[in-house]
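As a plain string of letters, each chain reads:
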2 protein chains.
Amino acid sequence: MMSGDNLSLWNDTPTKSAIVGYVHAVTDRNNTNFVPEVQRVATFDNDGTLWLEKPLYVQLHYLIRQIGLVAASNSEVRTKQPFKAVYENDQAWFKEAAAGVAKGDLTKAMSILAGAAEAFEGMTIDEFNSNAYDFLTNTKDARFKVPYKQLTYKPMVELIHYLHNNGFAVYITSGGGRDFMRSVSEEIYSIPRQYVIGSDIEYGYKIDGQGKAQVVRTTKVEQPIDNESGKPIHIGRTISRRPIFAAGNSDGDIEMLQYAKSHSGLSLGLLIQHDDAEREYAYQDGAEKALHEALGSDWLVVSMKNDWKQIF
Amino acid sequence: MMSGDNLSLWNDTPTKSAIVGYVHAVTDRNNTNFVPEVQRVATFDNDGTLWLEKPLYVQLHYLIRQIGLVAASNSEVRTKQPFKAVYENDQAWFKEAAAGVAKGDLTKAMSILAGAAEAFEGMTIDEFNSNAYDFLTNTKDARFKVPYKQLTYKPMVELIHYLHNNGFAVYITSGGGRDFMRSVSEEIYSIPRQYVIGSDIEYGYKIDGQGKAQVVRTTKVEQPIDNESGKPIHIGRTISRRPIFAAGNSDGDIEMLQYAKSHSGLSLGLLIQHDDAEREYAYQDGAEKALHEALGSDWLVVSMKNDWKQIF
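These lines cover the structure that appears in this document, whether it is placed above or below.

Definitions and cut-offs
- Residues numbered from 1 in each chain as written.
- Chains lettered and ligands numbered in written order.
- Predicted model: local features only at pLDDT ≥ 70, side-chain atom pairs only at ≥ 80, totals over all residues.
- Heavy atoms only, no water.
- Helix = DSSP H or I, 4+ residues; strand = E, 2+ residues; numbered from the N terminus.
- Polar contact = N/O pair within 3.5 Å; in protein donor to acceptor, adjacent residues only side chain to side chain.
- Contact = heavy atoms within 4.5 Å.
- Buried area = accessible area lost by both parts, 1.4 Å probe.
- Salt bridge = Lys/Arg side-chain N within 4 Å of Asp/Glu carboxyl O.
- Pairing = 2+ DSSP bridges.
- Axes fitted to C-alpha atoms, helices over the stretch in contact; angles between N-to-C directions.

In this fold, Arg182(B) is placed in helix H8 (residues 178–189). Of the polar contacts made by the side chain of Arg182(B), one reaches the backbone oxygen of Arg193(B); its length is 2.9 Å. For Arg182(B), the side chain forms a polar contact with the main-chain oxygen of Val196(B), separated by 3.1 Å. Once residues lying within four places of it in the same chain are set aside, the contact partners of Arg182(B) are Gly236(A), Arg237(A), Thr238(A), Ile239(A), Ser240(A), Asn129(B), Arg193(B), Gln194(B) and Val196(B).

As structure tokens, this is what we get:
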């Protein structure tokens, strides 16, 4: 579909020139900004940077589905939230949850996360991987009518390939679930599972009924989550090198962009701006600080409307 | 020095045949045990498996050195342990610490770890990396008279190259410090930093005095540590695939070996036995359970004395 040798899905704007110019500079041995291959690390946020995040985070749909599946097969859990609300499709409860989030009261929202953790508890890595893969392959987005895993931003996928072809190690650093992304990262981005960093629950170890050793999901969320200052912390722990290229779209990506842009050599920070209501969505909520920060620094703001030939 | 195309530093024993036979089986498309490249994951313990761990863990020497450096430059910390004992070279205190460990009283041993964490607090990833690299490059082992980083087991280094050449992703899963190993892993094992898993302290994020974003060491140890059941847990979190090949030498590696050997297809588990007092050390302490476990399972026990042509 695309060679990745150039950025054919990007319009010929200053944005594209800046990206191509940067990659040429750090990969040209005769350039003073040349960076050896082992130090070419790029990190990408996922939701809203590599695939769509509206009207709901894709993963939130997944969590609610799993809560519903558990509630359908287990009448006991239906006596408590969020299983009851999901089972009864209690729209009033969900509206209250959303209203709470807007007012800073996360009680109901956190109960959804806790319910989801309970719904996945005890699953092995392989079981969870198959489950998430099945969801992303077979569940369609209401507006675009295609499975979620097809709703990646194709110019960004092309950019990942372009960086791969230029000797970069490309990582995903998602504020969302690491293992959820890992189920499809190889297929949709050509990014191996171990190059996907993210938030997730902690694992436990057990010997199962067949005497086999298993690593299984617990209900405890690993700290820190991979968002805001947690992003550079996760990057440090996993990669052990400062990225020289980073891309995000929201306030949760500010620290990652600061971290990449504090590199002593030439670095590039991209901020994806959702300004295309026709082909995707136009919104700035959750990105107000990042867009403001971009003005005062030299982050490159990517306009989905003007810089991309196509979205999906 | 070595091609890695074969295992030239291994004697022609049944052990070598078993390793070569295994690798042939999983890499031969026509073999029923063929494993696609993406699933060829190998995990190696480090201390006592890839390099020497006697008379002291190499890293313990490093921690004590750093405690001494801080004590030498800061008279205030000398009023407390372990800084006082290291600064005064108080052998009685260290003997008590060792005696405590033998009796199950870890008070003094834990104070050494806490002191070391304090001595490294605030260092950035790059600073720590340079510091550890310098130590491993310039500090000589008392018996073998060469820098620590040269005291890798060369047949095991050859085995890593052999697995690389056969399409394996090779990871280190050290119970010891992850970032300590990362400082030399590329040079001594050809294993990229991000393929080194281990125990370590948690990181923090800050903007330094020059306005640069930094990821720095805290004093809090990340849980779980990468030992015993923590090994498969770290492997699951980092790699997200079950290893089909694992190598260890001590009781802390049992769960990792169980995890690899619970693979539904053909798998190989190696247990390195330290039985060569002349060329290295002969000991079973800390490996009693693992050696016992190996008898009842089909782990391959490697005799350093009989299976290896050379050690270092």
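Okay, the interface of chain A and chain B next. Often the size quoted for an interface is simply the accessible area lost on bringing the parts together. The interface is formed by 35 residues belonging to chain A together with 36 residues belonging to chain B. Of the roughly 3,100 Å² buried between chain A and chain B, counting both surfaces, carbon and sulfur atoms make up 48%. Looking at the side of chain A facing chain B, the largest losses of area belong to Tyr205(A), Arg237(A) and Ser240(A), adding up to 20% of the total buried there. There are 4 salt bridges connecting chain A and chain B. The shortest N-O distance in the salt bridge between Arg237(B) and Glu222(A) comes to 3.3 Å. Taken together, chain A and chain B are joined by 25 residue pairs in polar contact (both at pLDDT 80 or more). Elements supplying a minimum of two residues to the side of chain A that touches chain B: helix H8 (178–189), strand S4 (201–207), strand S5 (213–221), helix H9 (230–238) and helix H10 (254–261) of chain A. Sort the elements by how many residues they give to the side of chain A that touches chain B and H9(A) lands first, with 5 residues.

Bringing the sheet that holds strand S8 (residues 300–303) of chain B into the picture now. All names here are of chain B. Pairing is parallel across the open sheet formed by 6 strands, whose spatial order is S3-S2-S1-S6-S7-S8. Across the chains shown, the open sheet's two edge strands, defined by having one partner strand only, are strand S3 (196–199) and S8. The mean inter-strand angle of the sheet, taken between neighbouring strand axes irrespective of direction, is 20 degrees. Here strand S1 (residues 41–44) runs beside strand S6 (residues 245–248); their pairing, made up of 3 bridges, is parallel. Pairing of Thr43 across the sheet is with Ala246, part of S6. Against the sheet, helix H1 (residues 14–27) makes contact with S6, strand S7 (268–273) and S8, and its axis sits at roughly 130 degrees relative to S8, the strand it touches most.

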